[in-house]
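Listed below are the residues making up each chain.
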Amino acid sequence: MEIKELLKIGGEIWGEDRCNLSQIIVRLGKVFGDICRWERNEPKDKTFRTNEELKKELGNIIFSTIRWCDDLGYDPEGCINLAIGCQKKFVGDRK
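What counts and what doesn't
Residues numbered from 1 in each chain as written. Predicted model: local features only at pLDDT ≥ 70, side-chain atom pairs only at ≥ 80, totals over all residues. Heavy atoms only, no water. Axes fitted to C-alpha atoms, helices over the stretch in contact; angles between N-to-C directions. Helix = DSSP H or I, 4+ residues; strand = E, 2+ residues; numbered from the N terminus. Parallel < 35°, antiparallel > 145°, perpendicular 65-115°, else oblique. Left-handed = near helix turned anticlockwise from the far one by under 90°. Contact = heavy atoms within 4.5 Å. Nonpolar A, V, L, I, M, F, W, Y, C, P; charged D, E, K, R; others polar. Buried < 20%, exposed > 50% of the residue type's maximum accessible area, 1.4 Å probe, protein only. Expected span 1.5 Å × (residues − 1). Arc of directions from axis to C-beta.

Geometrically, a packed helix pair is captured by the angle between its two axes and the distance between the axes. One way to put it is that helix H2 (residues 21-40) packs onto helix H3 (residues 51-71) with a least axis distance of 10 Å and a crossing angle of 160 degrees. Classified by the interaxial angle, the pair formed by H2 and H3 is roughly antiparallel. Between H2 and H3 lies a crossing whose hand is left-handed. Residues Ile24, Arg27, Leu28, Val31, Asp34, Ile35 and Trp38 of H2 form the contact with H3, whose participating residues are Asn51, Glu53, Leu54, Glu57, Leu58, Asn60, Ile61 and Trp68. Split into classes, the residues belonging to the contact of H2 with H3 amount to 9 nonpolar, 2 polar and 4 charged.

Positive phi outside glycine occurs at Asn41, with the angle close to 60 degrees. Position of Asn41 among the secondary structure elements: in the loop between H2 and H3. With relative accessibility at 28%, the residue Asn41 sits in the partly exposed group.

On to the environment of Lys46, then. By the secondary structure assignment, Lys46 is in the loop between H2 and H3. Along the sequence, Lys46 and Asp70 sit 24 residues apart, while their C-alpha atoms lie 36 Å from each other.

To continue, consider helix H1 (residues 3-14). Between its first and last C-alpha, H1 extends 16 Å over 12 residues, near the 16 Å set by a 1.5 Å rise per residue. Of the residues making up H1, those classed as buried are Ile3, Leu6 and Gly10. Buried residues along H1 cover an arc of 55 degrees about the axis, so they all sit on one side. Every exposed residue of H1 that faces more than 90 degrees away from the buried side is listed here: Lys4, Lys8 and Glu12. Looking at the buried positions of H1, the neighbouring elements they touch are H3 and helix H4 (76-94).

Have a look at this one:
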């Protein structure tokens, strides 16, 4: 899927709702917490710990972050390109 298509789908789902940075932080923390709970693997979480659940949460990070970039007025592709450059530099600095 193209980023523009994902933004369109997000708009169809969420309508005119936009998040500010504070709201994004809380929502990202919730998804991150779900991933942490998956990894913790406590007996009470056994029904939660499936590959489908982990894939869903990782997908939530990807799909939501694209929309959140747009909510803040940033071009998601530009944000991704910055991240790619930083990761290349990080790995290059480690070698």
